[in-house]
Amino acid sequence: MSLTKRCLAEFIGTLWLVLGGCGSAVLAAAYTADAAKISENTSFPLGIGLVGVSLAFGLTVLTGAYAFGHISGGHFNPAVSFGLWAGKRFPGSDLLPYIVSQVIGAVVGAGIIYLIASGKTGFALTGSNPLATNGYGTHSPGAYTLFACFISEVVMTFMFLLIILGVTDSRAPKGFAPLAIGFGLTLIHLISIPVTNTSVNPARSTGVALFAGVELFSQVWLFWIAPILGAILAGWLYIAVFSESTVDERQNVKELV
């Protein structure tokens, strides 16, 4: 498959991840309706909440991997690309085109969310995490420190890449990788949404932050450094400890699924 087609698949897949994951958080997480009132002053929340948003992120990766994995490998995340490169599953020459495609896809996905959300009367970019942005300190949903958020993002991305490298290993059962990866990302969100609003994906963080203002965008650096660091550490560990041999076994990116 040509690099152009693979990059287009990464663009669409990352757009879908941001639209589905961040879109669910912005549009549906806390949705309520007048018809759901159970008393004069009490409404029953119909929103999907933290669990629903976590599942939405997992479903975007699951469906995207099945749809585009055989074309581009289904990375949809610069940290994943770096982790697969470190694990000798992805050529370094393709890193930049993939990352550019992923970031552009994330920006377009975030723009679609903004266009939809701003169509509601009273919409405003308020709160600590407008447009489902990621952050630390005052922009951490649970007011976690920079250090705590850094550790969370490194460890969660490290585990995410170990899952990806493991289930796409040539020795693993075939055809089930997207399920494990999707459920893995769901679990990661269930753990860390209160800490950083969960990134583990530099493109996802960048896309929504561009529309949320300078203050939120100024924190995006953390969500590049920490996920990429965690991903590279996982790639190095897997190739050093769990690989069948120590020789370079660089595989076609299609083998991700």
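From a predicted model like this one, the values you see are computed outputs, not experimental measurements. Counting of residues starts from 1 at the beginning of each chain's written sequence and follows it residue by residue. pLDDT decides what is reported in this predicted model: residues at 70 or higher carry local features, side-chain atom pairs at 80 or more are listed and counted, and totals for whole chains, interfaces and linings draw on all residues regardless. As a convention, hydrogens and water are excluded, and side-chain values are obtained from all of the structure's heavy atoms.

### Some words on the overall build of the protein
- Scanning the protein for helices and strands turns up 9 helices and 2 strands.
- Comment: elements are numbered from the N terminus, with helices defined as DSSP H or I runs of at least four residues and strands as E runs of at least two. The secondary structure elements of the protein, listed N-terminal to C-terminal, are α-β-β-α-α-α-α-α-α-α-α.
- Throughout, exposure labels follow a simple rule: accessible area from a 1.4 Å probe, protein chains only, divided by the maximum for the residue type, with under 20% read as buried, over 50% as exposed, and the rest as partly exposed. Counting only residues that meet the buried cut, the protein has 51% of its 257 residues in that class.
- Sequence-distant contacts, at least 24 apart, represent 78% of the contacts inside the protein between residues at least 6 apart.
- Total accessible area on the protein stands at roughly 11,400 Å², and carbon and sulfur atoms take up 70% of it.
- We treat Lys and Arg as the positive residues and Asp and Glu as the negative residues; His and chain ends play no part in the count. Note that the charge is assigned to NZ on lysines, CZ on arginines, CG on aspartates and CD on glutamates. Across the protein, the centroid of the 11 positively charged side chains sits 5 Å from that of the 11 negatively charged ones. Residues count as neighbours in contact if any of their non-hydrogen atoms are within 4.5 Å of one another. The Shrake-Rupley method, run with a 1.4 Å probe, gives the accessible areas here. Residue values count only the displayed protein chains as cover.

### As for the pattern of salt bridges
- Here a salt bridge means any side-chain nitrogen of Lys or Arg lying within 4 Å of a carboxyl oxygen belonging to Asp or Glu. For the structure on display, the rule yields 3 salt bridges.
- The partner of Arg6 in a salt bridge is Asp94, and the shortest N-O contact between them spans 2.9 Å. Separated by 88 residues along the polypeptide, Arg6 in helix H1 (residues 3-27) and Asp94 in the loop between helix H3 (78-86) and helix H4 (95-117) bring together distant segments of the chain. As far as the burial class goes, Arg6 and Asp94 line up, both buried.
- One salt bridge in this structure joins Asp169 and Arg89, with 3.9 Å as the shortest N-O distance. Of the two residues, Asp169 is situated in the loop between helix H5 (146-167) and helix H6 (177-196) and Arg89 in the loop between H3 and H4; the sequence distance between them amounts to 80 residues.
- By relative accessible area, Asp169 is classed as buried at 8%.
- Members of the salt-bridge network, linked through shared partners, are Arg89, Asp169 and Arg171.

### Re a nonpolar patch on the surface
- On the surface, Leu27, Leu96, Val100, Ile104, Val108, Ile112 and Ile116 cluster together into a nonpolar patch covering about 570 Å² of accessible area.
- Top contributing element to the nonpolar patch by residue count: H4, with 6 residues.
- Mapped onto the secondary structure, Ile104 falls in helix H4.
- Note on Ile104: relative accessible area 44%, which makes it partly exposed. Patch membership requires more than 30% relative accessible area and the absence of a salt bridge. Residues of like charge join within 9 Å; the nonpolar side chains Val, Leu, Ile, Met, Phe, Trp and Tyr join within 5 Å.

### Quick word on H3
- Judged by how many residues are buried, H3 sits mostly within the fold: 8 of 9 residues are covered.
- Buried within H3 we find Pro78, Ala79, Val80, Ser81, Phe82, Gly83, Leu84 and Ala86.
- Where H3 is buried, its residues meet H4, H5, helix H7 (202-212) and helix H9 (222-242).
- The definition of a polar contact used here is a pair of N or O atoms within 3.5 Å, where within protein one atom must be able to donate a hydrogen and the other to accept one, and adjacent residues in sequence count solely through side-chain atom pairs. If you check the start of H3, you find a side-chain oxygen 2.8 Å away from the backbone N of Ala79, and it comes from Asn77.
- Within two residues after H3, Lys88 carries a phi angle of roughly 60°, on the positive side.

### Observations regarding empty space enclosed by the protein
- Think of a 1 Å grid over the protein atoms and nothing else: a 1.4 Å probe that fits but is trapped marks a cavity, an open set flanked by protein within 12 Å on at least five of seven lines marks a pocket, and residues with an atom within 4 Å of a point count as lining. Grid points are joined across faces, edges and corners, and a volume is the space filled by probe spheres set on the points. Using the criterion set out here, one finds 2 cavities of 30 Å³ or more in the structure.
- When its volume is computed, the largest cavity comes out at roughly 140 Å³.
- Taken together, 20 residues make up the lining of the largest cavity; nearest its centre are Leu17, Val61, His75, Val80 and Phe160.
- Only helix H2 (49-72), H5 and H6 provide two or more residues apiece to the lining of the largest cavity.

### Brief notes about H9
- Taking 1.5 Å per residue, 21 residues should reach 30 Å; H9 reaches 29 Å between its end C-alpha atoms and fits that length.
- Considered for burial, the residues of H9 that qualify are Leu222, Phe223, Ala226, Pro227, Ile228, Gly230, Ala231, Ile232, Ala234, Gly235, Tyr238 and Ile239. To estimate the expected span of a helix, count its residues, drop one, and scale the result by 1.5 Å.

### With respect to the packing of aromatic side chains
- Ring pairs shown here join Phe, Tyr and Trp side chains whose ring centres sit within 6.5 Å, with only the six-membered ring taken for Trp; geometry is labelled stacked below 30 degrees between planes, edge-to-face above 60, and tilted in between. A full pass over the atoms with the stated rule returns 6 aromatic pairs.
- Taking the centre distance of 6.4 Å and the plane angle of 85° together, the rings of Phe82 and Trp85 count as edge-to-face. Of this pair, Phe82 and Trp85 are both found in helix H3, 3 residues apart, which corresponds to roughly one turn of the helix.
- Cluster of aromatic residues (ring-pair linked, three or more members): Tyr114, Phe123 and Phe211.

### Brief notes about the layout of surface pockets
- One number sums up the size of the largest pocket: a volume of about 650 Å³.
- Ala25, Val26, Leu27, Ala29 and Ala30 are, among the 25 residues lining the largest pocket, the residues nearest its centre.
- Listed by contribution, the elements that provide at least two residues to the lining of the largest pocket are H1, H2 and H4.
- Residue contributions to the lining of the largest pocket peak at 4 residues, all from H2.

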